[in-house]
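The residues making up each chain are set out below.
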Amino acid sequence: MTSALKTEYLTINMGPQHPSTHGVIRFILKTDGEIIHECDPDVGYLHRGIEKLAESITWQGFVPYTDRVDYVCAMNSNLAYCMAVEKLMGMDSEIPKRAEYIRVIVSEMNRISSHAVAIGAADMDMGAFTPFIHFLREREHINDLFEMICGARLTYNYICIGGVNADVSPTFLSKTAEFLDHFEPIVEQINRLISYNQIFIKRFADVAIVPPKMAIDYNLVGPNLRGSGVKFDIRKDKPYSIYPEVDFNVPIGTGRAGTLGDCYDRYMVRVEEINESIKIIRQCLKQIPDGETKAIVKSSIKPPKGHIYFRTETPRGDTGYFIVSDGKTSPARLKIRTGSFTGMSIIPEIARGVFIADLVAIIGSLDVVAPELDR
Amino acid sequence: MDATLISLGLNPMPAKIISMVIICLIVLIAFVTIGGVLTVVERRISGFMQARLGPNRVGPQGSLQWLADGIKLILKEDLIPDGADRTLFKIAPYFCLIGVFGTMVVFPWGSGVMVADLNVGLFYFISITALVVFGVLMAGWSSNNKWSLLGGMRAAAQIVSYEIPVGMGLLVPILFSGTLSMGGIMAVQGWAPWEWIVFQSPFTVMSFCIFFIGSLAEANRTPFDLPEAESELVSGYCTEYTGFRYAVFFLSEWANLFVLGGLTTAVFLGGGNLPDFLADYTFLSVLVYMAKVSVIIFVVIWLRWTLPRFRIDQLMNLSWKYLLPGAFVAFLGQAIYMLITQHIPAVQTTVAVLMFLVFVFILIRFFIRVRVNMREQQIPVNSPASDVPLT
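Description of the structure in this document. (Residues numbered from 1 in each chain as written. Chains lettered and ligands numbered in written order. Predicted model: local features only at pLDDT ≥ 70, side-chain atom pairs only at ≥ 80, totals over all residues. Heavy atoms only, no water.)

### A closer look at the overall build of chain A
Next up, step 1: Scanning chain A for helices and strands turns up 15 helices and eight strands.
Next up, step 2: For 375 residues, the compact-globule estimate of 2.2 N^0.38 gives 21 Å, and the C-alpha radius of gyration of chain A, at 21 Å, lies within 12% of that figure.
Next up, step 3: When the 375 residues of chain A are sorted by exposure, 61% land in the buried category.
Next up, step 4: Contacts spanning at least 24 positions in sequence make up 71% of the contacts within chain A whose residues lie at least 6 apart.
Next up, step 5: With the model as given, the accessible surface of chain A reaches about 13,600 Å², and the carbon-plus-sulfur share is 54%.
Next up, step 6: Each charge class in chain A can be summarised by its mean position, and for the 42 positive and 47 negative side chains these summaries are 4 Å apart. (Helix = DSSP H or I, 4+ residues; strand = E, 2+ residues; numbered from the N terminus. Rg over C-alpha atoms; globule rule 2.2 N^0.38 Å. Buried < 20%, exposed > 50% of the residue type's maximum accessible area, 1.4 Å probe, protein only. Contact = heavy atoms within 4.5 Å. Areas by Shrake-Rupley, 256 points an atom, 1.4 Å probe, with all protein chains shown as cover. Lys, Arg positive; Asp, Glu negative; His and termini not counted. Charge placed at Lys NZ, Arg CZ, Asp CG, Glu CD.)

### Structural notes on the pattern of salt bridges
All names here are of chain A.
Next up, step 1: One pass over the structure, following the stated rule, counts 39 salt bridges over all chains.
Next up, step 2: Arg226 is the salt-bridge partner of Glu313, the closest N and O atoms lying 3.0 Å from each other. Here the residue Glu313 occupies a position in strand E6 (residues 306-314), and Arg226 occupies one in helix H9 (residues 222-227), the gap between them amounting to 87 residues. The burial state of Glu313 is the same as that of Arg226; both residues are buried.
Next up, step 3: Ionic pairing is found between Glu372 and Arg316, a salt bridge with its closest N-O pair at 3.6 Å. With Glu372 in helix H15 (residues 370-374) and Arg316 in the loop between E6 and strand E7 (317-325), this residue pair connects regions lying 56 residues apart in the sequence. (Salt bridge = Lys/Arg side-chain N within 4 Å of Asp/Glu carboxyl O.)

### Notes on the layout of surface pockets
Residue and element names in this part refer to chain B.
Next up, step 1: For the second largest pocket, the calculated volume is near 1,000 Å³.
Next up, step 2: What lines the second largest pocket is a set of 40 residues, and nearest its centre among them are Thr39, Leu73, Tyr246, Phe250 and Trp254.
Next up, step 3: Elements with a minimum of two residues in the lining of the second largest pocket: helix H2 (12-49), helix H3 (65-75), helix H4 (86-101) and helix H10 (243-268).
Next up, step 4: Residues that form the lining of the second largest pocket fall into these classes: 20 nonpolar, eight polar and 12 charged.
Next up, step 5: The residues that make up the lining of the second largest pocket include at least three from each of domain 1 (1-68) and domain 2 (76-367). (1 Å grid on protein atoms, 1.4 Å probe; cavity = no way out; pocket = protein on both sides within 12 Å on 5 of 7 lines; lining within 4 Å. Points joined across faces, edges and corners; volume = space filled by probe spheres on them. Nonpolar A, V, L, I, M, F, W, Y, C, P; charged D, E, K, R; others polar. Domains from an automatic or database assignment.)

### Some words on the interface of chain A and chain B
Next up, step 1: Contacts between the two partners involve 48 residues from chain A, matched on the other side by 36 residues from chain B.
Next up, step 2: When residues of chain A are sorted by the area they lose upon contact with chain B, Glu34(A), Met148(A) and Ile199(A) head the list and together hold 15% of the total.
Next up, step 3: Put simply, Arg311(B) and Asp358(A) hold a salt bridge, and the shortest N to O gap is 2.9 Å.
Next up, step 4: Across the contact surface, chain A and chain B share nine residue pairs in polar contact (both at pLDDT 80 or more).
Next up, step 5: In terms of residues, the side of chain A that touches chain B owes the most to one element, helix H6 (residues 170-195) of chain A, which gives 11 residues.
Next up, step 6: Here the residues of the side of chain A that touches chain B sort into 23 nonpolar, 14 polar and 11 charged. (Buried area = accessible area lost by both parts, 1.4 Å probe. Polar contact = N/O pair within 3.5 Å; in protein donor to acceptor, adjacent residues only side chain to side chain.)

### Focus on the sheet that holds strand E2 (residues 26-32) of chain A
Backbone-to-backbone hydrogen bonds join strands into a sheet, with any given pair of strands oriented parallel or antiparallel.
All names here are of chain A.
Next up, step 1: One open sheet accounts for three strands, arranged E1-E2-E3; its pairing is antiparallel. In this open sheet, the two strands that pair with only one neighbour each are strand E1 (10-14) and strand E3 (35-42). For this sheet, the mean angle separating the axes of adjacent strands, direction not counted, is 20 degrees.
Next up, step 2: Pairing of E1 with E2 involves five bridges; the strand directions are antiparallel. The residue of E2 that forms the bridge with Thr11 is Lys30.
Next up, step 3: Running over the sheet, helix H14 (residues 356-366) touches E1, E2 and E3 and is turned about 30 degrees from E1. (Pairing = 2+ DSSP bridges. Axes fitted to C-alpha atoms, helices over the stretch in contact; angles between N-to-C directions.)

### Some words on the sheet that holds E6(A)
All names here are of chain A.
Next up, step 1: Strand order in the open sheet formed by three strands is E6-E7-E8, and the pairing between neighbours is antiparallel. Lying at the two open borders of the sheet, with one neighbouring strand each, are E6 and strand E8 (333-337). Looking at each pair of strands side by side, their axes are set apart by 10 degrees on average, direction ignored.
Next up, step 2: By the bridge criterion, nine bridges tie E6 to E7 in an arrangement that is antiparallel. Bridging from a neighbouring strand, Glu313 pairs with Asp318 of E7.
Next up, step 3: Helix H3 (residues 74-89) rests against E6, E7 and E8 of the sheet, and its axis sits at about 150 degrees to E6.

### Section: the packing of aromatic side chains
Next up, step 1: On inspection of all chains with the given rule, the structure shows 37 aromatic pairs over all chains.
Next up, step 2: Relative to Tyr267(A), the ring of Tyr264(A) lies with its centre 6.3 Å away and its plane at 20 degrees, an arrangement referred to as stacked. Taken together, the residues span about one helical turn, with Tyr264(A) and Tyr267(A) both in helix H11 (residues 263-287) at a distance of three residues. Tyr267(A) carries the same exposure label as Tyr264(A), and that label is buried.
Next up, step 3: Between Phe208(B) and Phe268(B), the aromatic rings sit 5.3 Å apart at their centres with planes inclined by 70 degrees, giving edge-to-face as the arrangement. With Phe208(B) in helix H9 (residues 202-218) and Phe268(B) in helix H10, this pair connects stretches of sequence that are 60 residues apart. Like Phe268(B), Phe208(B) is buried. (Phe/Tyr/Trp six-rings, centres within 6.5 Å; stacked < 30°, edge-to-face > 60°.)

### Quick word on empty space enclosed by the protein
Residues and elements named next belong to chain B.
Next up, step 1: Taken as a whole, this structure holds three cavities of 30 Å³ or more when the rule is applied.
Next up, step 2: Approximately 230 Å³ is the volume found for the largest cavity.
Next up, step 3: Along the wall of the largest cavity there are 16 residues; nearest its centre are Thr129, Ser215, Glu218, Asn256 and Leu263.
Next up, step 4: Put simply, the parts of the chain that give the lining of the largest cavity at least two residues each are helix H5 (121-129), helix H7 (146-177), H9 and H10.
Next up, step 5: Partitioning the lining of the largest cavity into residue classes produces 11 nonpolar, three polar and two charged.
Next up, step 6: In this model, the second largest cavity occupies a volume close to 90 Å³.
Next up, step 7: As for the second largest cavity, its lining consists of 13 residues, and the residues nearest its centre are Val132, Tyr237, Ser252, Glu253 and Asn256.
Next up, step 8: Elements with a contribution of two residues or more to the lining of the second largest cavity: H4, helix H6 (131-142) and H10.
Next up, step 9: Top element by residues in the lining of the second largest cavity is H10. It accounts for four residues.
Next up, step 10: Considered class by class, the residues forming the lining of the second largest cavity number seven nonpolar, three polar and three charged.

### Remarks on a nonpolar patch on the surface
All names here are of chain B.
Next up, step 1: On the surface, Phe298, Trp302, Phe359, Leu363, Phe366, Phe367, Val370 and Met374 cluster together into a nonpolar patch covering about 730 Å² of accessible area.
Next up, step 2: Elements supplying a minimum of two residues to the nonpolar patch: helix H11 (282-304) and helix H13 (345-376).
Next up, step 3: A total of six residues in the nonpolar patch trace back to one element, the largest contributor, which is H13.
Next up, step 4: Following the sequence through the fold, Phe366 ends up in helix H13. (Patch = residues over 30% accessible without salt bridge, like charges linked within 9 Å, V, L, I, M, F, W, Y side chains within 5 Å.)

### A word on helix H5 (residues 130-150) of chain A
Next up, step 1: Compared with an ideal rise of 1.5 Å per residue, which puts 21 residues at 30 Å, H5(A) spans 30 Å between its outermost C-alpha atoms and is within 8% of the ideal.
Next up, step 2: For H5(A), the buried fraction is high: 17 of the 21 residues fall into the buried class. (Expected span 1.5 Å × (residues − 1).)

As structure tokens, this is what we get:
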């Protein structure tokens, strides 16, 4: 006898205004009660056409726009674009050593603040509000330090083509060292507060498992890829700037609390990357030489005809800038490849058959940031 | 009080009614005030735990913030969403309110200070608080919003599941005291901690833990705040509520926190009992009672701002696989324990004192560990950069 009851899936609209979609992202969910049957991410709510804008402004004029590509880690975006243009112009060997060191220091600092926000937001999605606030307090300190060097707290426009916009003071360097000493125990403190909490581990372990092959197939990058156990970090494997001169490890997922590639692995990779960044900055502070901080660059540059694809490791993974130049004062075509987009594209696959509460965990653990997703 | 009114020349019947109305009004106002003040207390404590201030502008230390919030909420437009079931939507908050405020009939404020000491007081307590689930379910259903519906469903499943372990957990004190009246249960306990029901045997400790965890879930507190999980279900069952009705939901939630603390104190922690030579001072009894309730409330708030929340399947597992069998074991164990030791009170006293000493030991260990942790990590909260002029 077949059941006479007709059942249908409940269609729920999660977003664009929803507390845990981290910005304006929308998911169309088909659920059976609380269990997700189908999840359809709908992107584009924060699309600002930054790539098209690049075609009508000067090469240097585009640097502030890269701040807005991913405002959680603006320094890293600055760095990726500026290094791509320098490479296109063939002047990447002219950048003063001190500038390179400052660039690495500020971008690693920004990686710390970005990961702090990512971890804190994941905690908050799990219902633990306190770690998020504590991480934001620490992020304020990084913002204070950045304010010292460039006057801005969120969108810095500090790294420029040819170096950095202004030299840093000795106070900045000593204060940075002081901050690292202050921050390192706090990471462990917050770990004890939340990361090792049994309820939290139960919520994150064995949820949304991404095996290594699947991670590569879906082109996951950065911490999400490493969380699946694939040891690939552009800073190590295709080194740029002064990364070959510093010593650091690449943390990968090992199935700490459950299966390799679950949400908890991705989360803990970020926590451990904070410690690695602290290590990198400490070495840079020791090794930083004196000297110029900016190579001589004309006010209106015209890179030679050609194209370039340059990748850097930002907190959200492999950010690549593909730039075509036709020898004029602005790029002929500019394409930004970001980590959030691939992170988003894997969600329909791993969010099948999980609870709505797990979808929140997935978004938190993949660290999807809306502005970077849509550009 | 009715004696006073009769002496003023009133007939006995109207005097009784008037005195009842006055007592009810006093208790009602006390409940509303406590519910309101608790919102401020919770926000201040959460601020303290999160290295921020919390509300501190209205009144001394922000203590009147709840009045300002209440006035603001009352002045707001009372929106009813399109397609909502208007009747259910309108009455839903009052079910929650009645469910919580109904307990004030038997709510003890100290030893012998209560509106009515019903002989089925505890039973009445459990029954009337079950009304809250109707309000939540109605709100979720009538809002014509899928998030609200999910929240309402979660709440219904959760509260119904956890009512069983809570009820089973309360059976142990009932077994111990042999009465359902709140006054009676308090009367069998003494002032000293080893005379409280919680420390009577390992089984009473067990039932206390089960009862406390279950009541957290019934009061929708973290780690069981799934019905209004703000990061998952927007705001759960009260997503569509605004203005006064929203305030009513809020008030009943925080009053529920107080009820939770009060019930725990009365049933397990000796209520407002005082040593014999102080027994005449009712005021002191109320004070002792309130102090115990405050400690319980602080622990509940502390848990809320520390722990993440469960997932719905983990929540159900906890209730049906662990708490409920545990409650059965505690009940049976206590019955057998009492059967064996009923003629040897010395054993009972020794076990009780022993349980209390174990608790004190754990407490001391906890505080030592906190002190060590704090000494190891002397972390200044001030920014390393804030004292530097901008260059």
